[in-house]
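So the chains spell out like this:
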Amino acid sequence: MSETLANLLQENRRFEPPAALAEAANVKADAYTEADADRLEFWATQARRLDWTKPWDRILDWDNPPFAKWFVGGELNVAYNCLDRHVAAGNGDKVAIHWEGEPGDTRTLTYADLHKLTCQAANALTDLGVRAGDRVAIYLPMIPEAAVAMLACARIGATHSVVFGGFSVDALAGRIQDASAKVVITADGGYRRGKPSALKPTVDEAVAQSPTIEHVLVVRRTGEDVAWSDKDHWWHETVETAGEQHEAQPFDAEHPLFILYTSGTTAKPKGILHTTGGYLTQASYTQHAVFDLKPETDVYWCTADIGWVTGHSYIVYGPLSNGATQVMYEGTPDTPHKGRFWDIVDKYGVTILYTAPTLIRTMMKWGDEFPAAANLSSLRVLGSVGEPINPEAWMWYRKNIGHDNTPVVDTWWQTETGAIMISPLPGVTATKPGSAMRPLPGISADVVDDEGNSVPNGGGGFLVLREPWPSMLRTIWGDDQRFVDTYWSRFQGMYFAGDGAKKDDDGDLWLLGRVDDVMLVSGHNISTTEVESALVSHPSVAEAAVVGATDPTTGQAIVAFTIPRGSVDSEGDAGEALIKELRDHVAKTLGPIAKPRQIMLVPELPKTRSGKIMRRLLRDVAERRSLGDVTTLQDSTVMDLISDGMKSAK
Ligand code: WT7
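Residues numbered from 1 in each chain as written. Predicted model: local features only at pLDDT ≥ 70, side-chain atom pairs only at ≥ 80, totals over all residues.

**Student:** An account of the nonpolar core is needed here, citing residue identities and associated values.
**Tutor:** In terms of nonpolar packing, the biggest core is built from 203 residues, with Ile138, Ala149, Met150, Val184 and Val531 touching the most fellow members. Among the elements that make up this core, the one with the highest residue count is helix 6 (residues 144–156) (10 residues). Apart from the residues lying within four places of it in its own chain, the contact partners of Met150 are Ile138, His160, Val162 and Val316. (Core = buried A, V, L, I, M, F, W, Y, C linked by C-beta atoms within 7 Å. Buried ≥ 20, exposed ≤ 12 C-beta atoms within 10 Å, placed from the backbone. Helix = DSSP H or I, 4+ residues; strand = E, 2+ residues; numbered from the N terminus. Contact = placed C-beta atoms within 7 Å.)

What follows is the structure, encoded as structure tokens:
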């Protein structure tokens, strides 16, 4: 990048923490001072929130960067920390999971229930020959058994590799093979969009290609017929009949806890490896600090799928290590109607909600009447993760979901970072809509220019992490060189996150999307995020995706794909008028340089299964190329709709 990223958007709104929340907050401003004074001691203090069977000799070994070891020599068991210690402390009867199936069936699991099932699953896996260090693939819907399966692996020291239930045979087989997994844990299926959605046939095909798989454990969820082989075992005949006693063995702090594959858009997926002590320390601390979680009174709900890192850290390890009560929901947000999420918040009295900008923008599009129909007064902290959140989506979230007085924490992190890195603290930070604000205590993030020099306030560039952190990835499974090349080679001695960012005049951080998505228009770097936010700030717009398309005069030209809000008339002349208004609106908000060459009104945007906009495909459309790989698309029909619209536009 020849010059810094544009610094166009001005945002002057500020939201102070509510006084009562600030007063009672788990973490206050002194955490920053403490961590600045002695970063390693700060993390040691957070590690002591866990139960260790053997203390560490050294907090951090960074003698051979970028290969870190945290809490060297220490031993602990992750499942013990998530379950046994709460039961031992007399909290066995406390609800761990309020589970809600998509069809409306429910289950309530206490910590004692979860502990018992996990012990049984640990015994069953041991009986199937799984030993510490073996890999187990997990391919399950959002049912409590997903958490149990992960915890059972952790309990016996097997490394789990959760594969998102929406992935194909090839994706599953590739991940099984890369990790040489020995066992797959799956289900007959789960419920999605009002129907059973089968999983077992995909597993059958993947297992046929994967000779390392010895056993398949199958949870019965939908009751649909499944093919059966001699590798298959029903969960209810194996786990639920196994012994209920199981003693958790301690493992080294650096024992591999899980592998999770990042869905790289083109290259082979990377098996991100996380280990035990440092990972749990940071997942647990951030749950406590960023969400201000009070296990006695809060009801927490993270809407992610367990197949993503958000589900690992903030459905399983973060909440359970803190003894939280949480909601887990199986299905889609519009089944049977568009108010389902808000009914769930109302029904369980959810106090802390953690969701993604894509969901928030979808809810904006559906209309304010759906949240308005439910009682959301229990909510006290709202979180966002996964993409930059546009200021207007942030405002909508706070106003319509957070009744205008609930802090919104925009949390930046990655599969690779394992836990939240940059975020407001709800009881400390005066937030700015759209900004992830500051690195958490004990984290050192920065924005640097092309040469790796820290940019001054007001400048933009690349987001980097300057110091190792406890929950950092340890390597890419089986490929240390790729780990070094991908993250540690762009800038000397720093972790390169791949995201563009800017520091505002106060030094607060604004994430600008993946650096591959930055546009170069007439010699100016313009971030797709900023143009998208300008579009979403118009009252007629629910969602927008912006790409740079090759242009003979300007190098790249800005092409925007825009979804109008539900109530907006966008047909014919009204559509033309809206397009003109939006182009002018962007020019007025960001400056004439950012005025889109073209705006398309579209019904949907192409998204990955984790909800990220696939700008690569939109670039193909904008440049009138045939579409590249569409296999990671959530809904493959979307591109036809968009391409048709594009043809009729010119
Ligand atoms: C990428 C990581 C972390 C769990 C889910 C995604 C983007 C994530 C934010 C945020 C701006 C964000 C970044 C990052 N991202 N959170 N709050 N603001 N961008 O995990 O699939 O590994 O994706 O998601 O681009 O690099 P992931």
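This is not the end of the story, as more comes after the structure.
**Student:** Which residues make up helix 7 (residues 169–179), and what values go with them?
**Tutor:** Those residues of helix 7 lying buried are Ala171, Leu172, Ala173, Arg175, Ile176, Asp178 and Ala179. Residues of helix 7 that are buried sit in contact with strand 6 (135–139), strand 7 (159–162), strand 8 (183–187), helix 8 (200–208), strand 14 (256–262) and strand 15 (270–275). Looking one or two residues past helix 7, Ser180 carries a phi angle of roughly 45°, positive in sign.

**Student:** Talk me through the sheet that holds strand 16 (residues 299–302); I want residue IDs and the actual numbers.
**Tutor:** Backbone-to-backbone hydrogen bonds join strands into a sheet, with any given pair of strands oriented parallel or antiparallel. Across the sheet, 7 strands lie side by side as 5-4-17-16-18-19-20; this open sheet has mixed pairing. The sheet terminates laterally at strand 5 (106–110) and strand 20 (408–410), the two strands that pair on one side only. Ignoring which end each strand starts from, the neighbouring axes of this sheet average 20° apart. By the bridge criterion, 4 bridges tie strand 4 (residues 95–100) to strand 17 (residues 325–329) in an arrangement that is parallel. (Pairing = 2+ DSSP bridges. Axes fitted to C-alpha atoms, helices over the stretch in contact; angles between N-to-C directions.)

**Student:** Give a detailed account of the site of the ligand, specifying residues and quantitative values.
**Tutor:** Around the ligand there are 21 residues in total, and Pro388, Trp412, Gln414, Thr415 and Leu511 lie nearest to it. Taken together, the residues that form the shell around the ligand break down as 9 nonpolar, 8 polar and 4 charged. (Near = placed C-beta within 6 Å. Nonpolar A, V, L, I, M, F, W, Y, C, P; charged D, E, K, R; others polar.)

**Student:** Let's hear about helix 12 (residues 340–348): which residues, and what values?
**Tutor:** Among the residues of helix 12, those classed as buried are Arg340, Phe341, Trp342, Val345 and Tyr348. Those residues of helix 12 that are buried are in contact with strand 4, strand 16, strand 17, strand 18 (352–355) and helix 14 (369–372). Trailing helix 12 by a residue or two, Gly349 shows a phi angle of about 65°, which is positive.

**Student:** Residue-level account of the environment of Arg583, with values.
**Tutor:** Among the structural elements, Arg583 can be located in helix 18 (residues 572–590). Using a count of 18 C-beta atoms within 10 Å as the deciding quantity, one classes Arg583 as partly exposed. Residues Arg583 and Tyr317, spaced 266 residues apart in sequence, show a C-alpha to C-alpha distance of 45 Å. For Arg583, the residues in contact, after removing those within four places along its chain, are Lys595, Pro596 and Ile599.

**Student:** Describe the sheet that holds strand 25 (residues 509–514), listing the residues and the values that go with them.
**Tutor:** Here 4 strands make up an open sheet; going across it, the order is 21-22-24-25 and the pairing antiparallel. The open sheet terminates on both sides in strands that have one partner only, identified here as strand 21 (445–448) and strand 25. Adjacent strand axes in the sheet meet at a mean angle of 45°, parallel and antiparallel pairs treated alike. Note: strand 24 (residues 495–503) against strand 25, 4 bridges, orientation antiparallel. Of the residues in strand 25, the one forming a bridge with Lys503 is Leu509.

**Student:** Please give an account of the UniProt feature "domain: Acetyl-coenzyme A synthetase N-terminal" (unreviewed entry) in the protein that cites residues and values.
**Tutor:** Sequence positions flagged by UniProt for "domain: Acetyl-coenzyme A synthetase N-terminal" (unreviewed entry) are, in local numbering, residues 30–82. In residues 30–82, helix accounts for 42% and strand for 28%; the two terminal C-alpha atoms are 27 Å from one another. (UniProt positions renumbered as here; feature names shortened; annotations may be inferred.)

**Student:** Any details on the UniProt feature "binding site: Mg(2+)" (unreviewed entry) in the protein? Residues and values, ideally.
**Tutor:** Annotation from UniProt places "binding site: Mg(2+)" (unreviewed entry) at Val536, His538 and Val541. Along the polypeptide, His538 turns up in the loop between helix 17 (528–536) and strand 28 (541–551). Along the chain, the position of Val541 falls in strand 28. For Val541, the residues in contact, after removing those within four places along its chain, are Leu535, Val536, Thr562, Pro564, Arg565 and Leu582.

**Student:** Account for the packing of helix 3 (residues 39–47) against helix 10 (residues 277–290), with residues named and values stated.
**Tutor:** Helix 10 packs onto helix 3 with a crossing angle of 85° between their chain directions and a minimal axis gap of 9 Å. One element, helix 3, and the other, helix 10, form an angle in the roughly perpendicular class. Along the contact surface, helix 3 presents Trp43, Gln46 and Ala47, while helix 10 presents Gly277, Thr281 and Tyr285. Here the contact of helix 3 with helix 10 is built from residues that sort into 3 nonpolar, 3 polar and no charged. (Parallel < 35°, antiparallel > 145°, perpendicular 65-115°, else oblique.)

**Student:** Kindly report on the pairing of strand 10 (residues 195–198), identifying the contributing residues and their values.
**Tutor:** Sheet topology places strand 9 (residues 189–192) next to strand 10; 4 bridges connect them, and they run antiparallel. When the sheet's bridge partners are listed, Gly190 is paired in strand 10 with Ser197. Remark: 2 residues form the turn of the hairpin made by strand 9 and strand 10, two consecutive strands paired antiparallel; Arg193 in that turn has positive phi of roughly 50°.

**Student:** Can you tell me about the packing of helix 5 (residues 111–127) against helix 6, naming the residues and giving the values?
**Tutor:** At a minimum axis separation of 8 Å, helix 5 and helix 6 run at an interaxial angle of 60°. By the angle between their axes, helix 5 is oblique relative to helix 6. Every pair of crossing elements has a handedness; the one defined by helix 5 and helix 6 is right-handed. In this structure, helix 5 contributes Leu114, Leu117, Thr118, Ala121, Ala122, Leu125 and Thr126 to the contact, and helix 6 contributes Val148, Ala149, Leu151, Ala152, Arg155 and Ile156. Among the residues making up the contact of helix 5 with helix 6, the classes are represented as 10 nonpolar, 2 polar and 1 charged. (Left-handed = near helix turned anticlockwise from the far one by under 90°.)

**Student:** Outline the pairing of strand 22 (residues 460–465), supporting the account with residue identities and numerical values.
**Tutor:** Summarising burial for strand 22: 6 of the 6 residues are buried, a large majority. Relative to strand 22, strand 21 runs antiparallel, the two sharing 4 bridges. Among the inter-strand pairings, Val447 is bridged to a residue of strand 22, identified as Leu463. Inspection of the sheet shows strand 22 paired to strand 24 by 5 bridges, in the antiparallel sense. For Gly461, the partnering residue across the bridge sits in strand 24 and is Ala501.

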